[in-house]
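Descriptive analysis of the structure
So you can see what is in the structure, the chains are spelled out below.
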Amino acid sequence: MRTILSATPNTPVTQPTSEPARPPIRFRGRSFMATVLAPIPPVAEWFGDLDALNRRAPNFFAGRPVILDLSGLRLTREDLDGLLAELAARNIAVLGIEGAAPSLLGAGAPPALAGGRPAGEVATPDESASDASASTEPQPKETARSLILDAPVRSGQTVLHLEGDVTVLGAVASGAEVIAGGSIHVYGALRGRAIAGAAGNPTARIWCRRFEPELVAIDGLYRAADDLDPAFRGQAVEVRLLEDAIKLNLFERG
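A brief report on the enclosed structure follows. (Residues numbered from 1 in each chain as written. Predicted model: local features only at pLDDT ≥ 70, side-chain atom pairs only at ≥ 80, totals over all residues. Heavy atoms only, no water.)

Structural notes on helix H1 (residues 43-56)
Using the following cut-off: The helix count covers DSSP runs of H or I at least four residues long, the strand count covers runs of E at least two residues long, and both are numbered beginning at the N terminus. Here the expected length of a helix is defined as 1.5 Å per residue gap, with one fewer gap than residues. Each residue is assigned to one of three classes by its accessible area relative to the maximum for its type, calculated with a 1.4 Å probe on protein chains only: buried under 20%, partly exposed between the two thresholds, exposed over 50%.
The end-to-end C-alpha distance of H1, which contains 14 residues, comes to 20 Å, matching closely the 20 Å that a straight helix rising 1.5 Å per residue would cover. Turning to H1, its buried residues are Trp 46, Phe 47, Leu 50, Ala 52, Leu 53, Asn 54 and Arg 56.

Here it is, written out as structure tokens:
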């Protein structure tokens, strides 16, 4: 005897369902500012100049991506490995390499880059600071000088002032960079990079009226945009160091 089951009009029939389609992988482009280092022969003397810069501004390369331009050099792979090792020993992170033959780059080397758009020269501290420190006579301590910028800092511009605070009466655009030995005050929107305390000042702070940065840093400690609490975005914010960590605080708009 067989039992036959049939669906009546009141019996719902469940159709097999398939897994929901996953969205396709998305690729997005994003531009970042980088400093280009172009060693010149003799490389040993070039490293001596680089060391002198690091003595004048120990945190000059802190949180700063670097592109290595080798177009003026003829190197073997062993030479390149040694060059990268010397830069790594100076805490200089090489993001990519341009101007090198494809055969020179291999496993473990930074990627080859091309097509970068020049953004102008990046000012460096002059040698007067090192000359003064080398003097055997005690030098009077100079009062920290502040730099006030009446105009906005535009994309591609870098403002470097290691002798004191930097005050920007306008905005700091995306792709722009402000580096100060002291604190940074931005009366408009901060959309680029703000690096305070770059001369070794952990008490430096960053203030801005509208917080939308690509990166903030104080005394070598930095936080990129993806690591910042989105609740502070668009707000009036103070950035400071607290127990060796970046701390964000809201403040009243004046």
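Next, the rest of the story.
Some points on helix H2 (residues 77-89)
Operational definition: In this context, the arc is that of the directions from the helix axis out to the C-beta atoms. Contacts between residues were defined by any pair of non-hydrogen atoms, one from each residue, lying within 4.5 Å.
End to end, H2 covers 18 Å across 13 residues, agreeing with the expected 18 Å (1.5 Å per residue, within 8%). Every buried residue of H2 is listed here: Leu 80, Leu 83, Leu 84 and Leu 87. The buried side chains of H2 occupy one side of the element, clustering within an arc of 95 degrees when seen end-on. Opposite its buried face, H2 presents the exposed residues Glu 78 and Ala 89, each directed more than 90 degrees away. Where the residues of H2 are buried, they touch strand E1 (35-37), H1, strand E2 (66-69) and strand E3 (94-98). Just beyond H2, the residue with positive phi is Asn 91, at close to 60 degrees.

Examining the pattern of salt bridges
The cut-off we apply is this: Any Lys or Arg side-chain nitrogen found within 4 Å of a carboxyl oxygen on Asp or Glu counts as a salt bridge.
Enumeration over the complete set of coordinates arrives at seven salt bridges. When the shortest N-O distance is used, the salt bridge between Arg 90 and Glu 86 registers 2.8 Å. Among the residues examined, Glu 86 registers a relative accessible area of 37% and is labelled partly exposed. One salt bridge in this structure joins Arg 210 and Glu 212, with 2.7 Å as the shortest N-O distance. Within this structure, Asp 51, Glu 86 and Arg 90 form a network of salt bridges that share partners.

Observations regarding the pairing of strand E14 (residues 246-250)
Operational definition: The pairing criterion for strands is at least two bridges between them, as found by DSSP.
Pairing geometry for strand E13 (residues 237-241) and E14, over five bridges, is antiparallel. Across the sheet, residue Glu 238 finds its bridge partner in E14, namely Asn 249. Hairpin connection from E13 to E14: four residues lie between these consecutive antiparallel strands, with Glu 243 at a positive phi of about 55 degrees.

A short note on the sheet that holds E13
Pairing between sheet strands relies on hydrogen bonds along the backbone, with the strands arranged either parallel or antiparallel. Heads up, the rule is: Axis lines are fitted to C-alpha atoms, over the contacting stretch for helices. Their N-to-C directions set the angle, which ranges from 0 to 180 degrees.
Ordered in space as E4-E6-E8-E10-E13-E14, the six strands form an open sheet in which the pairing is mixed. With partners counted over all chains shown, the strands left at the sheet margins are strand E4 (147-149) and E14, one partner each. Mean inter-strand twist for the sheet, computed between neighbouring axes without regard to direction, equals 20 degrees.

Examining the packing of aromatic side chains
Which entries qualify depends on this criterion: Paired rings are identified among Phe, Tyr and Trp, the last through its six-membered ring, by centres lying within 6.5 Å, and are further divided according to the angle between planes into stacked (under 30 degrees), edge-to-face (over 60) and tilted (the rest).
Under the definition given, this model contains one aromatic pair. Pairing Trp 46 with Phe 47 gives two aromatic rings, centres 5.1 Å apart and planes at 70 degrees, and the pair type is edge-to-face. The class for Trp 46 is buried, based on a relative accessible area of 12%. By relative accessible area, Phe 47 is classed as buried at 8%.

Concerning unusual backbone geometry
Of the consecutive residues Pro 41 and Pro 42, the connecting peptide bond is found in the cis state with omega at -10 degrees. Among the secondary structure elements, Pro 42 is positioned in the loop between E1 and H1. Here Asp 219, not a glycine, exhibits a phi torsion of approximately 50 degrees, which is positive. Here Asp 219 lies in the loop between strand E11 (215-218) and strand E12 (221-224). We classify Asp 219 as partly exposed; its relative accessible area is 25%.

Quick look at the side chain of Asn 54
By the secondary structure assignment, Asn 54 is in helix H1. In this view, Asn 54 contacts Phe 61 and Arg 90; residues no more than four positions away in its chain are not counted.

Considering the sheet that holds strand E9 (residues 193-196)
The five strands lie next to each other as E5-E7-E9-E11-E12, forming an open sheet whose pairing is mixed. Both edges of this open sheet fall to strand E5 (158-161) and E12, since each of them pairs with a single strand only. The sheet shows a mean angle of 5 degrees between the axes of neighbouring strands, taken without regard to direction.

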